[in-house]
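# Residue-level structure breakdown
Next come the chains, spelled out residue by residue.
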Amino acid sequence: MPNITSLSGLEDDLALLKAIGKLAQAWRDASDDVDSLPSLVELLKLTLKSVDDPAARAVFSRLGAEDLHAQIKAGLEKALGAIDEIPADYLTLLSRFSEVAASTDAKKGLISWTPLEAGRSLPLSDKLKLKLQASAKILFHSHATWPFKDQLTEPLVRLGLEGGFSAEAGATTPFKAGVGSVTGSGSASAGVRLDYYYAQPKKDPLVVEVAAEKLAALPNPFDFDGVWEGFTARNLMGLTYDLKGATAVSVEVSLANALQLGAGVEATLGAGVKFDVQLEGAYTLSFRRDGGSETTPRVVAVLSRSTGGKYGGGLSLGANIDVSALADRVHEVLEEAVGVWNEKYKDLKPYLSPGALLKDRAKGAVDSAVSRMVADEDLKKALVRDLQGAVGIDPSGQLAIADWAEKALLSAIERAGVLTTAKDRAGRIVDRLAEILPAFAQAEFREHLKATTADLVVRLDEELQATVAGLLAASGGDELGQFLKSLGETVGDAYGELDNALAGARRLFERYDALFQKVLTEAGDAARRKIVARITYEDVRSADVSYQVTGVITGDTPAARGVFRALTSGDLREVLALFEAPDPDGFELIRKESSIRRFATIQNEARYELVLLGFQLTGSDLLKGSASAYADGAGNLRIDAAGNFRRRFEAPRETREVEFVDAYALALLRQMEGMNEQRFLDLGVGVSHHDKALKRKELVGFIDSLRKAGLLPPDTTDRAEKIFDEWDLKGAEKDIQADISAKLRVSGKQAVALLGARASGQLTRAANDAVRLAAARFLVPTVDDHEKFEKGAKVANEYVIGSSRPLDVYEAAALFVEPRFEQDEPVISSGVDRRMYNHFLEQWKKLSPRIDALASLVDLLGDVYEAVPADPRNPPRGASPLWTEKRYAKAQEEIAQAAARWLKLNLTLFSFAPEVHPYTVGLLQCLVRLGGVSEKWPMTLTLTYRPNGKPPETVSLA
C-alpha cells in the first residue's frame, strides 16, 4: 500500500525538505570556502526574498546547486505562505541534534508548517449563513517525549500530521404575522491527528536530514505490513491516532404577542420552544514498542474510544410590562398641579412630553439616532440576546429591532426629563435605557449612546428656544412674562428678553418635571414590579459508550492482523469477543486494563421566576436518573445507578431546599470459585435553610419540627438557641446570616430492610400493605376535620373495604380503593350519614397520591436492587428481562418522581414558615420506620454562621 506521504499529498513538502538537505550537504562539501560565504540561515532568507537576488544566486552557483535555487524558493513560499521572514522555529531544520539538545527553549526542536488553511463564509440568502473552515498542519519535533504514562521515557523524534474541518450554518425566519420567528443552527466538525515516534539517531545529523528521511518513509497507519515494518526495520517506537468529531443541531421557535391592558399599558407575552441534538465521538489509539527481538517486537496497543449523544428540549414562557405609556396619563393628571395653561401659550405644553414631541416633530432625527444604534453590530447582538432572555422571544430582522429601540429611546427621554444641560440629560437618558435591558448598561456602549441621544436633546433645546422667541415676538413679551409670573416664576422685569423668558419657562418645567418624575417613577416601578414572570422547562437525555482496550501484538499472525484491523477501523466486535475467549496466536489481551462502559442520564428541570410588589422569587425542581454499566476483560461487572430530586425556592432574603438522593451499586466479581456478588443501596433526604437575616423563631421552628418527630435529640433546640445567642453577641452586623442543614441517611442493611419481603420481583401483599400503612400514619393527622374523617373511615370500612376485622382509621386510609364506576358505588344503608363517607373520600383523594408514591418508591427500589443486568458488550434489543443502563436510569428517575410527592417547601407567600413541611417530615419518619433504623436520633444537623468578610463557622449538633 502507498505510504502516508503520497496519500496525504505531502510530496511537495517532502521535496522541499530533501532540497534543503541537499543544500546542506553541498555546504558541508564546500567547507574550505565556507568562511567567505553567508551562513545557511542567511542564504535561505535571501532565497525567500527574491529568486533573482544576485548574492543568493552567486552562492548557489558556487556550491554547484543552481538547480536547487528556484525549487527551494517555491517550496518555502508554499510551505510558509506569503511572508518576508522565515520563522525562527523553521530554521531549526538547519541545526544539528546536539545543538537542539543544548538549547534551553521549552519547545526546543519543535517545527510546524501549514500546507492548508482555508475558510469561507457563504451568505446563501438574507436568512441563511454558512461558514466553512479546513486546515492541515505538519509537525516535526526533534526532541519529543511519549505522551502517555508508559515505558517510553527516552527522547524521541516525532513527526505529526493534523487535519480538521468544520462547518456552521444558521438561519432565522420570521412568521408572516410578525409575532415570532423560527431559528435554526447546525454545526459539524472533525479532526484527525497522527503522530509517529522514532528513536533518535545515534549520530549527530542535521535536523532537516532526519525530517526528510522520516517523512519519506511514513507508513500508512491503517496498513499492518507498513506499521509492522516500521517497528521491525525503521526504528519506529510508537504511533498514535487521535480522531474527534462532533455535530450539533438546534431549532427554536419563538412567539410573542402584545396585549393592551388599559391606560396605554402594554404587556408582552412570549413563548419559546427549543430542541437540541448533540453528537460527539473521540478515538485515541496508540501502538508502542515494548521489548521483544528486532525481528519480532512486542507492540502494546491501547485504545480509548467514546461516543455519546445528548438530546434535549425546552419550553419557556414569559410576561413583561411596558409602562412608558403611563406617562401620557400622568401628564394629564399633573397639569392641575402647576395651574391651568393659558390657551394662548399652549405651544409650551408639548415640551412637558419630550418623547412625544420628538416622535411627532422630529421623526427623521429619531430615525437617524435609532439607525446609528442598530448599526452597531455588537449592540444589536446584545439587544437580541437580552430581549430573548426577557420575554422568551427573539426579535427577527433589522426593522423589528429598530422599532423596539425607538420605543425604548423615546420612553427613556420621557423618563429622563426636560431640563439640565444636553450632556447631563444624555447621561440620564442612557441611565434610563440601562434600566430597560442589561445591554444598554454595558460600558462599551455608553459613550456611543450618549452621543446619539445628545443630538436629540440639542434638537429639543433649539425648538424650545424658537418657540419662546416666537411667543415673545407675537405678544411683545409682556403677556408671556405675566403668565409665567402668575405661575410663581420669577422672570425679572425685562420680559421681552429671550434669556429671561427662557429661564422662567425652564423653571416652570423643572417644577413640573420634579413632580412628574416622582409620580411616574412610583407608578411605573409599581406596575413593572407587578407583572414580570418567567417559566422554563428543560428535558435532557444523554447516552455515552466508552471502550478501553489494552493488549500486546506479539507476532505477524492472521489473528494479530485481524485485531489490528479492528482497532484501526473502529469495528470493535472482534476485539470485544476476546473478552470471553482465549487469547489468539499473536495477540495477548491485558484483561484488567480492558473494559467497556455504558452511561445514560435522564434529567428535567423546571425553573420559574416572579417579580411581584418589589419581591423577586425564584424556584426550581430538578429531577435526574443516571446509571452506568461497566465490564472488564477479566469478567467483572459493575452497575452504578442514582436518582435525585431537588426542590429549591429563593425568596428575597432566604432560600430553602429539600432533596432526595439514592445510590445503588452491584458488583459481580469473578474469582477462582466463581462469581462473588456484592450489592449496596443508600438513601438520603436533606433539608436546608439559608437566611440572610436568620431569626430565633425560624431556627427554633425548623429544629423543633424535626425534634418533635423523634428525628433529633430532645435538647437540640436548647443547644441551638445558645449558639444563636453567641452569634448575636459577637456579630457586628445587625442581621445574622446563617444556614441550617439537616440530613438523614439510610444505607446498608437498613436500606435493604426498607424493601421488605419480596417475591417475584414485587412487594408481597403484606409488605406492600405495611408500606402504605406507614405512609397513612404520617398523613392522616394532616387531614381537615379529623373526627369527621374517622367516622367516614368506619363507613368505608364497612361498605367498601370489606375487611374480615374492623380497621382503624390509618388502615382504612391505606387499604381503601376508590370506586371508579357507577356500578361499584357502595350501597350504604339509609340510616348511615353518607356525608361522613363523602368527607372521607374527599380527604382520601388528597392523601392517596402520596400513599401510592411511597409504595411505588419502595417497590421500584426493590426492582433495581434485584434486577439482573445485561452484558454491556452486547446489550439486548427489544423486550428482555435483562436490565440495560437505560432501564436502570429510567427506574431511578421514577424513584425520584415518587419521592417528589413528599418533598414540599413550607412556603407562605414571600417567605417560609419556620417549620419543615409536614409531608417532608412524614417521609423522613417513614424511611426510619420501614428501614428499622437503629440509631436513636437518626438525623444529622449542622449550623453555619457566615459573618461578612470572615470565614464561615460550622457547628454540628447531631
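Residues numbered from 1 in each chain as written. Predicted model: local features only at pLDDT ≥ 70, side-chain atom pairs only at ≥ 80, totals over all residues. Heavy atoms only, no water.

## Looking at the overall build of the protein chain
Filter applied, for reference: Numbering goes from the N terminus for both helices and strands, where a helix is a DSSP run of H or I of at least four residues and a strand is a run of E of at least two. The classification of residues rests on relative accessible area computed with a 1.4 Å probe and restricted to protein chains. Under 20% of the type maximum is buried, over 50% is exposed, and intermediate values are partly exposed. All accessible-area figures derive from a Shrake-Rupley calculation using a 1.4 Å probe, and residue coverage is judged against the displayed protein chains alone.
Counting secondary structure elements, the protein chain contains 28 helices and 21 strands. When each of the 958 residues of the protein chain is scored for burial, the buried share is 47%. Here the protein chain has roughly 46000 Å² of accessible surface; of this, 52% comes from carbon and sulfur atoms.

## Some details on unusual backbone geometry
Glycine aside, residues mostly have negative phi, and peptide bonds are mostly found in the trans state. Phi angles above zero are rare outside glycine, and Asn235 is one such case at about 60 degrees. Along the polypeptide, Asn235 turns up in the loop between α8 (224–233) and β5 (236–260). One non-glycine residue, Asp785, lies in the positive phi region at around 55 degrees. Assessed through its relative accessible area of 46%, Asp785 is described here as partly exposed.

## Focus: the packing of aromatic side chains
Operational definition: Any Phe, Tyr or Trp ring, taking Trp's six-membered ring, that has another such ring centre within 6.5 Å forms a pair; planes under 30 degrees apart are called stacked, those over 60 apart edge-to-face, and the others tilted. Charge-over-ring contacts are defined here by two conditions on Lys NZ or Arg CZ: a distance within 6 Å of the ring centre and an angle within 35 degrees of the ring normal.
On inspection of all chains with the given rule, the structure shows 18 aromatic pairs. Ring centres 6.4 Å apart and planes at 65 degrees place the aromatic pair Phe816 and Tyr837 in the edge-to-face group. Of this pair, Phe816 sits in the loop between α25 (809–815) and α26 (834–866) while Tyr837 sits in helix α26, and the two are 21 residues apart along the sequence. Grouping residues by exposure puts Phe816 and Tyr837 together as buried. Taking the centre distance of 5.0 Å and the plane angle of 80 degrees together, the rings of Phe816 and Trp844 count as edge-to-face. On the criterion of sequence distance, the pair formed by Phe816 in the loop between α25 and α26 and Trp844 in helix α26 is long-range, its members being 28 residues apart. You can call Phe816 buried: its relative accessible area is 2%. Arg679 extends its terminal NZ or CZ atom over the ring of Tyr865, reaching a point 5.9 Å from the ring centre.

## Thoughts on the nonpolar core
We count it as follows: Buried residues of nine kinds, namely Ala, Val, Leu, Ile, Met, Phe, Trp, Tyr and Cys, make up a nonpolar core once their side-chain atoms join them within 4.5 Å. Two residues form a contact once any of their heavy atoms are found within 4.5 Å.
Counting residues in each nonpolar core, the largest one holds 184 residues, and the members touching the most others are Leu23, Tyr90, Phe287, Leu706 and Tyr888. Ranked by residue count, the leading element in this core is α26, at 15 residues. When residues no more than four places from it in sequence are discounted, the contact partners of Leu706 are Leu711, Leu712, Ala742, Val916, Val921, Leu924 and Met939. Counting 22 residues, the second largest nonpolar core, distinct from the first, contains Val366, Ala369, Leu410 and Ile429.

## Some remarks on the pattern of salt bridges
Under the convention used in this document: By definition here, a salt bridge exists when the distance from a side-chain nitrogen of Lys or Arg to a carboxyl oxygen of Asp or Glu is within 4 Å.
Considering all chains together, one arrives at 33 salt bridges under this definition. A salt bridge links Arg607 to Glu605; the shortest N-O distance between them is 3.1 Å. Judged by relative accessible area, which is 32%, Arg607 ranks as partly exposed. Here the salt bridges do not stand alone but share partners, grouping Arg158, Glu162, Arg193 and Asp195 into one network.

## What about the pairing of strand β3 (residues 156–174)?
Selection criterion: Strand pairing requires that DSSP identify at least two bridges connecting the strands.
In the sheet, strand β2 (residues 128–144) pairs with β3 via 15 bridges, with the strands oriented antiparallel. Of the residues in β3, the one forming a bridge with Lys131 is Glu168.

## Regarding the packing of helix α4 (residues 54–62) against helix α5 (residues 66–80)
Axes are the key here: two packed helices are described by the angle between their axes and the distance separating the axes. Put simply, the rule is: Under this scheme, a helix contributes an axis fitted over its contacting stretch, all axes are lines through C-alpha atoms, and angles between N-to-C directions fall in the 0 to 180 degree range. An angle below 35 degrees is treated as roughly parallel, one above 145 as roughly antiparallel, one from 65 to 115 as roughly perpendicular, and anything else as oblique. Each residue gets one label: Ala, Val, Leu, Ile, Met, Phe, Trp, Tyr, Cys and Pro are nonpolar, Asp, Glu, Lys and Arg are charged, and the others, such as Gly, are polar.
Across the interface, α4 lies against α5 with an axial gap of 7 Å and an inter-helix angle of 135 degrees. Comparing the axis directions of α4 and α5 gives the class oblique. Contact residues: α4 offers Ala56, Arg57, Phe60 and Ser61, while α5 offers Glu66, Leu68, His69 and Ile72. In terms of residue class, the contact of α4 with α5 is built from four nonpolar, two polar and two charged.

## Notes on the confidence of the model for the protein chain
This is how the line gets drawn: The predictor rates its confidence in each residue with pLDDT, a number between 0 and 100.
Scored by pLDDT, the protein chain comes out at a mean of 80, with 76% of its residues at no less than 70. Per-element mean pLDDT across the protein chain ranges from 44 in strand β16 (residues 758–759) up to 96 in helix α27 (residues 885–900). Counted against residues more than four places away or in other chains, residues 757–761, with its pLDDT under 50, gives 13 contacts.

## Concerning the environment of Leu681
Its place among the elements puts Leu681 in strand β14 (residues 674–691). Note: C-alpha distance between Leu681 and Ser747 (66 residues apart in sequence) is 5.9 Å. Excluding residues that lie within four positions of it along the chain, Leu681 makes contacts with Asp662, Ala663, Tyr664, Val746, Ser747, Gly748, Ala751, Leu755, Leu861 and Tyr865.

## Here we look at the side chain of Asp662
Where we set the bar: In this tally Asp and Glu are treated as negative and Lys and Arg as positive; neither His nor the chain ends contributes.
For Asp662, the position within the fold is in strand β13 (residues 654–671). For the buried Asp662, which has no salt bridge, the nearest side chain bearing the opposite charge is Arg745, at an N-O separation of 12 Å. Those residues in contact with Asp662 that lie beyond four places of it in its chain are Ala641, Ala642, Gly643, Leu681, Asp682, Leu683, Leu861, Gln892 and Ile895.

## Quick notes on a nonpolar patch on the surface
Inclusion rule: Patch building starts from residues that exceed 30% relative accessible area and form no salt bridge, then joins like charges within 9 Å and nonpolar side chains (Val, Leu, Ile, Met, Phe, Trp, Tyr) within 5 Å.
On the surface, a cluster of nonpolar side chains totalling about 510 Å² of accessible area is made up of Val273, Leu315, Leu317, Ile535, Tyr537 and Tyr608. Only β7 (297–322) and β8 (532–553) provide two or more residues apiece to the nonpolar patch. Within the fold, Leu315 resides in strand β7.

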